[in-house]
Amino acid sequence: MRRPRPAYWRIVSLYAGLSFLYVPIVWIVIYSFSGATTAGVWRGFSLQWYWALADNDTLRIATLRSLLLAALAATVATALGLAAGHALSRRRFRGRYVLGGLLAIPLFVPEILIGFAFLMLFVAIEGLTGLAVGKGLLPLVVGHATLGMPVVASVVVARLAGLDPSYEEAAMDLGARPLRVFLTVTLPLMAPALASGWLLAFTLSFDDVITSSFVAGPSFATLPMYIYSSVRVGVSPVINVLGTLIIGGVALLVTIAMLGSRGVADPCP
Amino acid sequence: MNRLPFAALLPLGWLLAFVALPVALVLALAFGETADRIPPIAPLLEFAHGHLVSHLTVAHLADVVRDPLYRSAFGNALVNALGTTALCLLIGFPVAYAIALAPERQRRVYLMLAILPFWTSFLMRTYAWIGLLRDSGPVNRVLLALGVVDHPVHILYSPAAVLLVMVYSYVPFFILPMYAVLEKLPRDLLEAASDLGGRPGYVFRTVTLPLSLPGLLAGALLVFVPALGEYIIPDLVGNSDTIMLGGVLWSEFFENRDWPTAAAIAGIAAALLVVPALLLRQHLARDRTGTVT
């Protein structure tokens, strides 16, 4: 068979397109090592802004809070996404269409509408019961878990589609009950997909501004909320340092997630 | 069709409680009235003085439809989302095509390189553009050095900056479904067309393009729908004169504390999005190509 000749325009557009995606990332990383007091000005290699970040208590608290939140939300999202994805791809039942449709809403509807809707729910619950459920970590975990759940479900569905159902059928033929089949056969086979789903839900939560701004009060600011409010004022070298650390950390997690799930970790549901 | 499996109850219940119910509440609130209290809304139904009193009005919905401010916000968002979609198509198609035609082993690497930024802190990447597009930033320095301009151009805080950063952020949404379709194009068909004497342009127009339409449509919708409600990019790199859908909702809610108007904006935006979202869902349900589930 004749191999297609590599066309120059294809190579040019590929590298131009990929460079476009990486220019801002490279800018952040390079200028995080600048000694200048304004971001984007180069005045010799220096780690001074890394030390400045280490001394900043507000940022340290916000970072720890966001890490805890992301871990909790990703765990809830993974449990729910696994149940939803498994039901959608292995079972035929009434309500399947409803489940699939509701799962699609957080993916397709702009987040600003979803974030607003979450807050209305917590306000309504507080108004009806008088319980202060709309404060602190709880509404954030619920909101972020709901946003992460469809992503996990789509990773689970993609993994189950490539998984031969005869493993599970064999276990059932040998007399195992459904729960036992799930725990001893399905779950171990799903482990890499679940790990990548968890990591993707984690990064979604760790980067979220809009939903957090609606459901968390200003007294409970997450790291992205803090970054967002300082970025509105202007660029600062400390933000470049923070960006470098976040981008490095997230890139590492996502690379692990993508290697684990063999290319299913794409943003399309 | 069987009964609802026990394991599906939990996610279904969760989605009903935390997606369906909140959306219904917003739609109901669009008919509500503002009140001088915390939260700043009057109860929709209230039992007072022995009577059931309702505080329902279509005034806020009518305001949003009639007021030129909201109309221009919807218009700006629409123009911006359409422009973003068109440019994502122009930039994303060649990239997806080049990845799909690359040798198998390189393909995975290129694809991962295209996806990685998408998952890497959207907020930080938007922030970087503020630094890149400033009058003294690298983009202007390059333009000055090349002699394209003789004094720095004000790109930041303009609709053009919003469009640029939107395209930057959303192009992976287009590349992925486009790639998924292009990768599965039957190569022998393309070869047959060119063996039979079709020039590359002709083969592309008559074979490649019609066969890749499903991916094109999916990608365009995946860009358009979230782009319509984008708030952060216009807020960070746009100017306050070209306010968009997300911006008016945000300011009605956080600055004016007019929740019913915010809900009316949300409700109308959701209604506008129903058609493209249903199209997308229809398409995804029909297309069982693995990566797009």
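Everything that follows concerns the structure shown earlier in this document.
Rules behind the numbers
Residues numbered from 1 in each chain as written. Chains lettered and ligands numbered in written order. Predicted model: local features only at pLDDT ≥ 70, side-chain atom pairs only at ≥ 80, totals over all residues. Heavy atoms only, no water. Helix = DSSP H or I, 4+ residues; strand = E, 2+ residues; numbered from the N terminus. Rg over C-alpha atoms; globule rule 2.2 N^0.38 Å. Buried < 20%, exposed > 50% of the residue type's maximum accessible area, 1.4 Å probe, protein only. Contact = heavy atoms within 4.5 Å. Areas by Shrake-Rupley, 256 points an atom, 1.4 Å probe, with all protein chains shown as cover. Lys, Arg positive; Asp, Glu negative; His and termini not counted. Charge placed at Lys NZ, Arg CZ, Asp CG, Glu CD. Core = buried A, V, L, I, M, F, W, Y, C linked by side-chain atoms within 4.5 Å. Pairing = 2+ DSSP bridges. 1 Å grid on protein atoms, 1.4 Å probe; cavity = no way out; pocket = protein on both sides within 12 Å on 5 of 7 lines; lining within 4 Å. Points joined across faces, edges and corners; volume = space filled by probe spheres on them. Nonpolar A, V, L, I, M, F, W, Y, C, P; charged D, E, K, R; others polar. Salt bridge = Lys/Arg side-chain N within 4 Å of Asp/Glu carboxyl O. Buried area = accessible area lost by both parts, 1.4 Å probe. Phe/Tyr/Trp six-rings, centres within 6.5 Å; stacked < 30°, edge-to-face > 60°. Axes fitted to C-alpha atoms, helices over the stretch in contact; angles between N-to-C directions. Parallel < 35°, antiparallel > 145°, perpendicular 65-115°, else oblique. Left-handed = near helix turned anticlockwise from the far one by under 90°. Expected span 1.5 Å × (residues − 1). Bend = angle between axes of the 7 residues up to and from the residue. Patch = residues over 30% accessible without salt bridge, like charges linked within 9 Å, V, L, I, M, F, W, Y side chains within 5 Å.

Novice: Is there a simple way to think about the overall build of chain B in this case?
Specialist: Within chain B one finds 12 helices and two strands. Beginning at the N terminus, the succession of helices and strands in chain B can be written as α-β-β-α-α-α-α-α-α-α-α-α-α-α. Its C-alpha atoms give chain B a radius of gyration of 24 Å, more than 25% over the compact-globule value 19 Å for 293 residues. By its C-alpha atoms, chain B is 85 × 70 × 30 Å across when sized along the principal axes. For chain B, with 293 residues in total, the buried portion stands at 52%. At a minimum sequence separation of 6, the contacts of chain B that also span at least 24 residues come to 70%. Within the structure as shown, chain B displays about 13900 Å² of accessible surface, and the carbon and sulfur contribution to it stands at 67%. Both charge centroids of chain B, one from 18 positive and one from 19 negative side chains, sit 12 Å from each other.

Novice: How do you make sense of the overall build of chain A when you look at a structure like this?
Specialist: Secondary structure assignment for chain A yields 11 helices and zero strands. Dimensions along the principal axes, computed over C-alpha positions, put chain A at roughly 75 × 70 × 30 Å. Split into buried and exposed, the 269 residues of chain A put 52% on the buried side. Taking the contacts inside chain A whose residues are at least 6 apart along the sequence as the reference set, 70% of them involve residues at least 24 apart. Entry remark: accessible area of chain A is about 12200 Å², with carbon and sulfur atoms responsible for 68%. Between the mean site of the 18 positive side-chain charges and the mean site of the 11 negative ones, chain A shows a separation of 9 Å.

Novice: Looking at this structure, I do not really get the nonpolar core. What am I missing?
Specialist: As a rule of thumb, nonpolar side chains are buried together in soluble globular proteins. One finds A:Phe116, A:Phe214, A:Ile227, B:Ile99, B:Ile232, B:Val237 and B:Leu249 to be the most contacted residues of the largest nonpolar core, which totals 170 residues. Examining the composition of this core, we find that 15 residues originate from one element, helix α7 (residues 159-183) of chain B, more than from any other. In contact with B:Leu249, other than residues within four places in its own chain, are A:Ile112, A:Leu113, A:Phe116, A:Phe214, B:Ala262, B:Ile265 and B:Ala266.

Novice: Any chance you could explain the pairing of strand β2 (residues 51-54) of chain B here in plain terms?
Specialist: Working note: regular strand, side chains alternate between the two faces of the sheet. Relative to β2(B), strand β1 (residues 45-48) of chain B runs antiparallel, the two being bridged by four bridges. Across the sheet, the residue bridging to B:Ala48 is B:His51, located in β2(B).

Novice: What exactly am I supposed to notice about empty space enclosed by the protein here?
Specialist: Unoccupied space between atoms shows up once a probe the size of one water molecule is rolled over them. Applying the stated criterion across every chain yields a total of eight cavities of 30 Å³ or more. In this structure, the largest cavity spans a volume of roughly 900 Å³. Lining the largest cavity are 33 residues; nearest its centre among them are A:Glu111, A:Leu204, B:Phe118, B:Phe173 and B:Pro226. Among the secondary structure elements, those contributing two or more residues to the lining of the largest cavity are α4 (96-108), α6 (137-161) and α8 (178-206) of chain A together with α4 (104-119), α5 (122-133), α7 and α9 (200-228) of chain B. Class assignment for the residues of the lining of the largest cavity results in 21 nonpolar, seven polar and five charged.

Novice: I keep staring at the pattern of salt bridges and nothing clicks. Help me out?
Specialist: Where charged atoms from two side chains of opposite charge come close, those side chains can pair. Residues and elements named next belong to chain A. Applying the stated criterion across every chain, the model contains five salt bridges over all chains. Salt-bridge contacts for Arg60 lead to Asp57; the nearest nitrogen and oxygen are separated by 2.6 Å. Taken as a pair, Arg60 and Asp57 lie in helix α3 (residues 57-90) at a separation of three residues, close to a single helical turn. Among the residues examined, Asp57 registers a relative accessible area of 45% and is labelled partly exposed.

Novice: What is the right way to read the interface of chain A and chain B from this model?
Specialist: One frequently used descriptor of interface size is the decrease in accessible area upon assembly of the parts. Taken together, the 93 residues of chain A in the interface contact 93 residues of chain B. Between chain A and chain B, a total of about 8400 Å² is buried, with carbon and sulfur atoms accounting for 78% of that surface. The interface formed by chain A and chain B includes one salt bridge. Put simply, A:Arg232 and B:Asp235 hold a salt bridge, and the shortest N to O gap is 2.9 Å.

Novice: Which parts of the structure should I look at to understand the packing of aromatic side chains?
Specialist: For any pair of aromatic rings, the description consists of the separation of the ring centres together with the inter-plane angle of the planes. Per the stated rule, a full pass over the model turns up 27 aromatic pairs over all chains. The interplanar angle of 40 degrees and the centroid separation of 5.0 Å between the aromatic rings of A:Phe214 and B:Phe254 together place this pair among those described as tilted. Of this pair, A:Phe214 sits in helix α9 (residues 210-215) while B:Phe254 sits in helix α11 (residues 245-255), each in a different chain. Exposure remark for A:Phe214: the relative accessible area of 4% places this residue in the buried category. Judged by centre distance (4.5 Å) and plane angle (40 degrees), the rings of B:Trp250 and B:Phe254 are tilted. Highlighted residues: B:Trp250 and B:Phe254, both in helix α11, separated by four residues, approximately one helical turn. Owing to a relative accessible area of 7%, B:Trp250 belongs among the buried residues under this scheme. Classification of B:Phe254 as partly exposed rests on a relative accessible area of 31%. Members of the aromatic cluster, each reached through a chain of ring pairs, are A:Phe116, A:Phe214, B:Tyr231, B:Trp250, B:Phe253, B:Phe254 and B:Trp259.

Novice: Got a minute to help me understand the packing of α3(A) against α6(A) in this structure?
Specialist: Helix packing for two helices is described by the angle between their axes and how far apart those axes are. Residues and elements named next belong to chain A. It is at 5 Å that the axes of α3 and α6 come closest, and there the two elements cross at 40 degrees. As judged from the angle between their axes, α3 and α6 are oblique. As α3 packs across α6, the resulting crossing turns out to be right-handed. Here the contact of α3 with α6 is built from residues that sort into 19 nonpolar, seven polar and one charged.

Novice: Please clarify how α6(A) should be interpreted in this entry.
Specialist: Residues and elements named next belong to chain A. With 25 residues, α6 extends 35 Å from end C-alpha to end C-alpha; this agrees with the ideal 36 Å at 1.5 Å per step. Residue Gly148 marks the point of greatest curvature in α6, where the axis turns by about 30 degrees; the proline Pro150 follows within four residues. With 21 of 25 residues buried, α6 lies mostly within the body of the structure.

Novice: Can you walk me through the side chain of A:Thr203 in this structure?
Specialist: Counting through the fold element by element, A:Thr203 comes out in helix α8. In this structure, A:Thr203 is in contact with A:Val250, A:Val254 and B:Trp119, ignoring residues within four places of it in sequence.

Novice: Help me out: how do you make sense of the environment of A:Ile105 in this one?
Specialist: Residue and element names in this part refer to chain A. Tracing the backbone shows Ile105 in helix α4. Given the relative accessible area of 25%, Ile105 is considered partly exposed. A sequence separation of 42 residues divides Ile105 from Leu147, and the C-alpha atoms of the two residues are 9.4 Å apart.

Novice: Is there a simple way to explain a nonpolar patch on the surface in this structure?
Specialist: On the surface, A:Val26, A:Ile30, A:Trp42, A:Phe45, A:Leu47 and A:Trp51 cluster together to form a nonpolar patch covering roughly 670 Å² of accessible area. For A:Phe45, the location among the structural elements is in the loop between α1 (8-31) and α2 (48-54).

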